[in-house]
There are 2 protein chains.
Amino acid sequence: MNNNPIGVFDSGIGGLTVVKAITEKLPHESIIYLGDTARVPYGTRSKEIITKFALDLAQFLIKRKVKFLVVACNTISAVAYDAIKNSSPVPIIGVITPAVIQASRVSKNGKIGVIGTVGTIKSDTYGKLIRVLNPDAEVYSVACPLFVPLAEEGFANNLISELATQEYLKSLKKAKVDTLILGCTHYPILYKVIQREMGNRVNLVDSSHTTAEMLEKRLKNLKLLGNNTHPKWEFYVTDAPERVYQVAGRFFGEALNGKLKKISLSE
Amino acid sequence: MNNNPIGVFDSGIGGLTVVKAITEKLPHESIIYLGDTARVPYGTRSKEIITKFALDLAQFLIKRKVKFLVVACNTISAVAYDAIKNSSPVPIIGVITPAVIQASRVSKNGKIGVIGTVGTIKSDTYGKLIRVLNPDAEVYSVACPLFVPLAEEGFANNLISELATQEYLKSLKKAKVDTLILGCTHYPILYKVIQREMGNRVNLVDSSHTTAEMLEKRLKNLKLLGNNTHPKWEFYVTDAPERVYQVAGRFFGEALNGKLKKISLSE
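Bear in mind that the values here come from a model prediction, so they are computed numbers and not experimental data.

1. Some words on the overall build of chain A
Reasoning step 1: For chain A, the helix and strand inventory stands at eleven helices and ten strands.
Reasoning step 2: In terms of overall size, chain A behaves like a compact globule, its C-alpha atoms giving a radius of gyration of 18 Å where 267 residues would be expected to give roughly 18 Å.
Reasoning step 3: Across its three principal axes, chain A shows a C-alpha extent of roughly 50 × 40 × 40 Å.
Reasoning step 4: Counting every position in chain A, which comprises 267 residues, the buried fraction comes to 56%.
Reasoning step 5: Split by element, the accessible area of chain A, about 11,500 Å² in all, is 51% carbon and sulfur.
Reasoning step 6: The average position of the 34 basic charges and that of the 24 acidic charges among the side chains of chain A differ by 4 Å.

See below:
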């Protein structure tokens, strides 16, 4: 038993969908979230810079005595996971592995779709890991550059998002994938419209939920589960223009109002 | 008379819309284009870093003996114009001033709309300059985060772009602006759908065209106009994944095929 907080971090605020899934799965855990909104997006930066930034974020949380680190960002998970793990005194989990394990488990026909940002799809991080777990799998990947702005704009359930979804998922439907990984922390916002377009028989793998599930399992195994009756949630960002408040509310709900604090990483 | 090339640069490939306007306006000029596709987007980076990157780009072109520098990027024009001007041995022009001058000239009711990226709109660079030229102007600004991915995806004229345009321009129509500045080099791709939505009475100010016009005027004044019968167009980028080729083609047309060269800025 350990009531120290769980540390969750992301290059921006997409990771709030992961925090939301954790609060639902593990309601007695305190959480500290840190989003690097001053330097988002990381996707276009070099591996060296992404690793440096990620270690800054991890250090901020480690100083605040977190018991576990959750990398709630596809880019950081793909590029800097080992570096963070090697430098962290506490255990760590990323968003990619839990989603890939779940997809490999639920797919029956071995045809797995992956959607994500241009950077994530180009890196083929999901595809490589899927083929490690299941060498016979057929992986179909599609970059969906409109999905992040659609999620941030709150166009989650209107005709614009429906048409964009139709366009992007066309080839995955044609390939008859039976499982689709939402490989970007923003995409859970578009869950309903994606499920509707793919049809109910296709398993959607929402990496925010699979990450929360694997986190629970690992906390149990390591005897680190908490039992806070009044868990504390803290939210930090490195820059907080009005837009961040708006979008954060959209991703996490009203509960976040007034709780988002701007900090400097040199603090 | 001077037949040296004109140097045009951008953080990415949006600036190709400016190159296209220059080739139409000034068909006897040679052009060297440089897009920093390895480090795009600049919008989220600090002023110091943007200035350093911009000076790198300018230096590359100056070494290649350009006679004039065109900053075909809103972020660089807003943040680093003075630094480039102070360090450049050749004259320079940005995209913001020509558009603002044109808008102030054509607006009859003084109600001017500006659309751009979140960064551009947040900086209020257009608004500030409009109010310098016309202190009584009413400026209405709207960030349109979906427009860059829509333009890059080639969704220039479908229902998705129509619906997004309706949504974003709603408040500008309500404010009865009679002039609308397209404050992002990607937006000329969406010109038709924006004009249709605003109606034919609203003047659209396309900064790629206003920049080409002002460039012509300044070349004339400085006696730097060229008269190449076989002008040479060269296109350089700092990273060239497949997507850059696709999008570049969309922005500039077939003529670009096979002409995009990847270079390193340390060369």
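Resuming the write-up.
2. Section: the interface of chain B and chain A
Reasoning step 1: Counting residues at the interface gives 22 residues for chain B and 22 residues for chain A.
Reasoning step 2: Summed over both partners, the interface of chain B with chain A comes to about 1,800 Å²; 72% of that surface belongs to carbon and sulfur atoms.
Reasoning step 3: Looking only at chain B, the three residues that lose the most surface to chain A are B:T44, B:L146 and B:I160, adding up to 27% of its buried area.
Reasoning step 4: On the surface where chain B and chain A come into contact, there are zero salt bridges.
Reasoning step 5: At the boundary of chain B and chain A, one finds two residue pairs in polar contact (both at pLDDT 80 or more).
Reasoning step 6: Elements that contribute at least two residues to the side of chain B that touches chain A include exactly helix 5 (118-123), helix 7 (147-153) and helix 8 (159-174) of chain B.
Reasoning step 7: Looking at the side of chain B that touches chain A, the element that brings in the most residues is helix 8 of chain B, giving six residues.

3. Observations concerning the relation of the copies chain B and chain A
Look at the two chain copies: a rotation about an axis and a shift along it is all it takes to match them.
Reasoning step 1: Superposition of chain B onto chain A requires a rotation of 180° combined with a translation of 0.0 Å along the rotation axis, giving an RMSD of 0.0 Å. Considering both components of the superposition, the chain copies are consistent with a two-fold axis. The C-alpha atom lying nearest the rotation axis in chain B is that of B:I160; the distance is 2.6 Å.
Reasoning step 2: The fraction of interface residues of chain B whose copies in chain A are also interface residues reaches 100%, indicating that both copies meet through the same surface.

4. Remarks on the packing of helix 1 (residues 16-25) of chain A against helix 11 (residues 242-252) of chain A
All names here are of chain A.
Reasoning step 1: Put simply, helix 1 and helix 11 touch, their axes get as near as 8 Å, and they point 35° apart. At the point where helix 1 passes helix 11, the crossing takes the right-handed sense. Of the residues in helix 11, those touching helix 1 at L16, T17, V19, K20 and T23 are A248, F251 and F252.
Reasoning step 2: The class makeup of the residues in the contact of helix 1 with helix 11 is five nonpolar, two polar and one charged.

5. Examining the pattern of salt bridges
Reasoning step 1: The final tally for this structure, using the stated rule, is 23 salt bridges over all chains.
Reasoning step 2: A salt bridge links A:R131 to A:D124, with the shortest nitrogen-to-oxygen separation between them at 2.5 Å.
Reasoning step 3: Across the salt bridge formed by B:K262 and B:D239, the nearest N and O atoms sit 3.8 Å from each other. With B:K262 in strand 10 (residues 260-262) and B:D239 in the loop between strand 9 (233-237) and helix 11 (242-252), this residue pair connects regions lying 23 residues apart in the sequence.
Reasoning step 4: Judged by relative accessible area, B:K262 falls into the exposed class, the value being 53%.

6. Considering the side chain of A:D36
Residue and element names in this part refer to chain A.
Reasoning step 1: With respect to the helices and strands, D36 occurs in the loop between strand 2 (31-35) and helix 2 (47-63).
Reasoning step 2: Judged by its relative accessible area of 1%, D36 falls in the buried class.
Reasoning step 3: Within the local environment of D36, its side chain forms a polar contact with the side chain of R39, the two groups lying 2.7 Å apart.
Reasoning step 4: If near-sequence neighbours (up to four positions away) are discounted, D36 is found in contact with D10, S11, G12, Y42, F53, L57, T238 and L265.

7. Regarding the sheet that holds strand 8 (residues 203-206) of chain B
Two pairing modes exist for strands in a sheet, parallel and antiparallel, and in both the strands are linked by backbone hydrogen bonds.
All names here are of chain B.
Reasoning step 1: Strand order in the open sheet formed by four strands is 6-5-7-8, and the pairing between neighbours is parallel. Across the chains shown, the open sheet's two edge strands, defined by having one partner strand only, are strand 6 (138-143) and strand 8. With direction set aside, neighbouring strand axes in the sheet form an average angle of 20°.
Reasoning step 2: Here strand 7 (residues 179-182) runs beside strand 8; their pairing, made up of four bridges, is parallel.

8. Focus: the sheet that holds strand 1 (residues 6-10) of chain A
All names here are of chain A.
Reasoning step 1: Overall, parallel pairing links the six strands, which are arranged 4-3-1-2-9-10 in an open sheet. At either margin of the open sheet sits one strand with a lone partner, and together these are strand 4 (92-93) and strand 10 (260-262).
Reasoning step 2: With four bridges joining them, strand 1 and strand 3 (residues 68-71) adopt parallel strand pairing. Note that in strand 3 the partner of F9 across the bridge is V71.
Reasoning step 3: Where helix 2 meets the sheet, it contacts strand 1, strand 2, strand 3 and strand 9 (233-237), and its direction lies at approximately 155° from that of strand 1.

9. Re the domain arrangement of chain A
All names here are of chain A.
Reasoning step 1: Under the domain assignment used here, chain A contains domain 1 (6-94 + 210-262) and domain 2 (96-207).
Reasoning step 2: Listed per partner, the contact involves 19 residues of domain 1 and 21 residues of domain 2.
Reasoning step 3: Counting the surface lost from both domain 1 and domain 2, the interface buries some 1,500 Å², and carbon and sulfur atoms represent 56% of this.
Reasoning step 4: At the surface where domain 1 touches domain 2, the tally comes to two salt bridges.
Reasoning step 5: E152 is the salt-bridge partner of R243, the closest N and O atoms lying 3.1 Å from each other.
Reasoning step 6: On the surface where domain 1 and domain 2 come into contact, there are nine residue pairs in polar contact (both at pLDDT 80 or more).
Reasoning step 7: For the side of domain 1 that touches domain 2, the secondary structure elements donating two or more residues are helix 1, helix 3 (74-87), helix 10 (207-221) and helix 11.

10. Considering the pairing of strand 9 of chain B
Walk down a regular strand and you will see the side chains alternate between the two sheet faces.
Residues and elements named next belong to chain B.
Reasoning step 1: The buried fraction of strand 9 is high, at four of five residues.
Reasoning step 2: Relative to strand 9, strand 2 (residues 31-35) is paired through five bridges, and the arrangement is parallel. Bridge pairing links L34 to Y236 in strand 9.
Reasoning step 3: Bridge count between strand 9 and strand 10: three bridges; the pairing is parallel. Across the sheet, F235 pairs through a bridge with L260, a residue of strand 10.

11. Observations concerning the packing of aromatic side chains
Reasoning step 1: Taken as a whole and assessed by the stated rule, the structure comprises 15 aromatic pairs over all chains.
Reasoning step 2: Ring geometry for A:F155 versus B:Y168: centroids 6.3 Å apart, planes at 45°, classification tilted. Here A:F155, found in the loop between helix 7 (147-153) and helix 8 (159-174), pairs with B:Y168, found in helix 8, and the two come from separate chains. Pair check on accessibility: A:F155 and B:Y168 agree, each one buried.
Reasoning step 3: A ring pair is formed by B:Y33 and B:F235, whose centres lie 6.5 Å apart and whose planes are at 50°; its orientation type is tilted. Separated by 202 residues along the polypeptide, B:Y33 in strand 2 and B:F235 in strand 9 bring together distant segments of the chain. Each of the two residues, B:Y33 as well as B:F235, counts as buried.
Reasoning step 4: A cation over a ring is seen here: A:R39 above A:F53, with NZ or CZ 3.6 Å from the ring centre.
Reasoning step 5: The cationic tip of A:R64 hangs over the ring face of A:F60; the distance from NZ or CZ to the ring centre is 3.7 Å.

Parameters and conventions
- Residues numbered from 1 in each chain as written.
- Chains lettered and ligands numbered in written order.
- Predicted model: local features only at pLDDT ≥ 70, side-chain atom pairs only at ≥ 80, totals over all residues.
- Heavy atoms only, no water.
- Helix = DSSP H or I, 4+ residues; strand = E, 2+ residues; numbered from the N terminus.
- Rg over C-alpha atoms; globule rule 2.2 N^0.38 Å.
- Buried < 20%, exposed > 50% of the residue type's maximum accessible area, 1.4 Å probe, protein only.
- Areas by Shrake-Rupley, 256 points an atom, 1.4 Å probe, with all protein chains shown as cover.
- Lys, Arg positive; Asp, Glu negative; His and termini not counted.
- Charge placed at Lys NZ, Arg CZ, Asp CG, Glu CD.
- Contact = heavy atoms within 4.5 Å.
- Buried area = accessible area lost by both parts, 1.4 Å probe.
- Salt bridge = Lys/Arg side-chain N within 4 Å of Asp/Glu carboxyl O.
- Polar contact = N/O pair within 3.5 Å; in protein donor to acceptor, adjacent residues only side chain to side chain.
- Least-squares fit on C-alpha atoms with pLDDT ≥ 70 in both.
- Axes fitted to C-alpha atoms, helices over the stretch in contact; angles between N-to-C directions.
- Left-handed = near helix turned anticlockwise from the far one by under 90°.
- Nonpolar A, V, L, I, M, F, W, Y, C, P; charged D, E, K, R; others polar.
- Pairing = 2+ DSSP bridges.
- Domains from an automatic or database assignment.
- Phe/Tyr/Trp six-rings, centres within 6.5 Å; stacked < 30°, edge-to-face > 60°.
- Lys NZ or Arg CZ within 6 Å of the ring centre and 35° of its normal.

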